[in-house]
Amino acid sequence: MGEKLVIQGGRRLEGELSVQGSKNSALPILAAAVVTGGSSIIKNCPRLTDVDAASRILEYLGCKVARTGDTLIVDSSGICRSDIPEKLMHEMRSSIVFLGAILARFGNAVVSTPGGCEIGLRPINIHLSALEALGAEITELHGRLYCSCGNGLRGAKITLSFPSVGATENIMLAAVTAKGTTTIINAAREPEIVDLACFLNGCGAKIKGSGEGIITIEGVSGLNNYEHTVIPDRIVASTYMTAAAVTGGRVTLNNIITEHLNPVLSIYEKAGCTIKTSGESLEIKAPCRLGSIGAVRTMPYPGFPTDSQAAAMVMASTAQGTSVIIENIFENRFKHVGELVRMGAKIMVENIVAVVEGVPRLHGVETEAADLRGGAALVLAGLAAEGETTVRGLHHIDRGCQSFENNLRLLGAEIKRC
Ligand code: UD1
């Protein structure tokens with residue numbers, strides 16, 4: 001049956017935590033280590049199963065990977081393969097970001113199509129047409145993508161039909177050592193894009209405009225060794241903020257970048273929480289009963305993140321009043337709703353809109369995580385609920401939340417893995 005988390009709800013969370021490094025930054029930076037051809041020291045790299053999956057890909061390609069605490073050292077000087085087997089590709093959807101990196105290093109690559117996943121179809125058409133614009137020839141046969149660029153990659157002007165995070169990263173990785181200049185128009189603006197650019201620029205790349213809608217990459221002939229510290233995980237930070245919010249708690253988070261949390265801060269304030277920020281710390285103090293979070297629309301950064309949508313729904317479920325949540329990014333990201341309704345939440349979903357009428361209390365039941373953020377949200381709901389909640393399907397949560405239950409226990413939650 002696998003492991004489960006067992007939570008006795010109703011404990012007020014209080015205390016202080018340091019937030020882990022960002023998974024969504026670490027993964028493309030690990031792919032970037034392929035392009036450098038040298039040694040990359042990546043600090044604040046979270047201990048997660050998705051990072052382990054990326055490390056296995058690096059090792060398969062011929063890189064040396066060593067971990068000491070939160071630091072990962074990747075030496076890609078001995079890299080010898082340009083393919084990723086299907087099994088490794090399927091361990092983690094975002095492994096598609098290795099495609100641009102391998103192409104940059106070898107001029108050819110063979111990878112599997114990642115396919116759909118729990119939260120949607122997740123096509124990669126934007127990635128592929130962008131790589132083609134840079135000179136790659138791509139053929140798909142039986143779920144494998146055969147990519148080559150006989151004359152090397154060449155800079156190009158690429159306009160994205162949607163500011164896809166993964167496609168923007170793939171283009172950056174492929175373009176850093178391409179001949180000439182690449183311009184990405186309608187690029188994703190997420191902080192993780194800026195972090196990838198910081199890493200690559202530290203290695204000698206010439207990337208300008210990251211964090212803005214237009215990114216310019218002037219190709220360089222090669223990259224050098226670099227030591228980089230991954231940014232804090234803004235999604236995990238907002239998960240712990242929500243844990244405080246739904247338990248009427250008071251929590252201080254350290255090692256955060258406050259600016260990255262701006263898109264989510266307003267829902268906590270709207271719900272009646274008090275937030276104080278100071279340097280790399282933030283304190284959230286919640287009222288006994290939350291107020292409505294109003295209308296929340298998920299959007300590309302700097303809009304409200306889709307990755308925080310499930311947690312926001314837990315707040316809305318226990319708030320006084322009605323809230324509306326509109327999921328604009330992924331078509332199948334309301335899988336937690338059924339489980340929240342079993343816990344007593346009043347949620348009506350129509351297409352991409354969820355209308356949530358807050359109830360005074362949720363009650364504990366046996367639940368199953370269907371995806372990473374939805375699974376973490378069920379744990380948050382369990383913290384707020386009366387009685388015992390169990391959450392199964394922990395492999396989803398372990399992809400992205402480091403020491404989740406230990407951290408919650410530090411804050412006073414009654415939670416154990418068994
Ligand atoms: C990244 C994050 C994920 C986050 C998402 C949106 C990582 C490892 N994952 O995922 O946690 O939820 O950004 O902020 O960083 N799309 C296409 N064609 C494409 C690419 C994307 O149609 O070629 C669509 C997707 O199906 C989705 C939307 O664009 O509906 C956003 O996807 P994208 O920004 O690419 O997300 P990911 O990079 O996969």
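Please read all numbers here as calculations on a predicted model, not as lab measurements.

1. Some words on the sheet that holds strand β21 (residues 366-368)
Strand order in the open sheet formed by 4 strands is β21-β22-β1-β23, and the pairing between neighbours is mixed. Strands with a single pairing partner mark the edges of an open sheet, and in this sheet they are β21 and β23 (414-417). When strand polarity is set aside, the average angle formed by the axes of neighbouring strands in this sheet is 20 degrees. The pairing of β21 with strand β22 (residues 388-392) spans 3 bridges and is parallel. Following the sheet pairing, E366 is matched in β22 by T390.

2. Remarks on the domain arrangement of the protein chain
How large an interface is tends to be reported as the accessible area lost when its parts come together. You can read the domains of the protein chain as domain 1 (4-19 + 232-417) and domain 2 (23-229). For domain 1 and domain 2, the distance between their C-alpha centres works out to 31 Å. Across the boundary between the two partners, domain 1 contributes 26 residues, which contact 20 residues of domain 2. Overall, the association of domain 1 and domain 2 removes approximately 1,900 Å² of surface from exposure, summing both partners, and the carbon and sulfur fraction of that is 49%. Among the residues domain 1 hides against domain 2, the three largest losses belong to Y301, R399 and Q402. Together they make up 32% of the total. Counting across the interface, domain 1 meets domain 2 through 2 salt bridges. One salt bridge connects R399 with D50, and the closest N-O pair in it is separated by 3.1 Å. At the level of elements, α12 (372-384) and α13 (394-398) are the ones that each hand at least two residues to the side of domain 1 that touches domain 2. The dominant element in the side of domain 1 that touches domain 2, judged by the number of residues it contributes, is α13, at 3 residues.

Thresholds, definitions, all that
Residues numbered from 1 in each chain as written. Predicted model: local features only at pLDDT ≥ 70, side-chain atom pairs only at ≥ 80, totals over all residues. Heavy atoms only, no water. Pairing = 2+ DSSP bridges. Helix = DSSP H or I, 4+ residues; strand = E, 2+ residues; numbered from the N terminus. Axes fitted to C-alpha atoms, helices over the stretch in contact; angles between N-to-C directions. Domains from an automatic or database assignment. Contact = heavy atoms within 4.5 Å. Buried area = accessible area lost by both parts, 1.4 Å probe. Salt bridge = Lys/Arg side-chain N within 4 Å of Asp/Glu carboxyl O.

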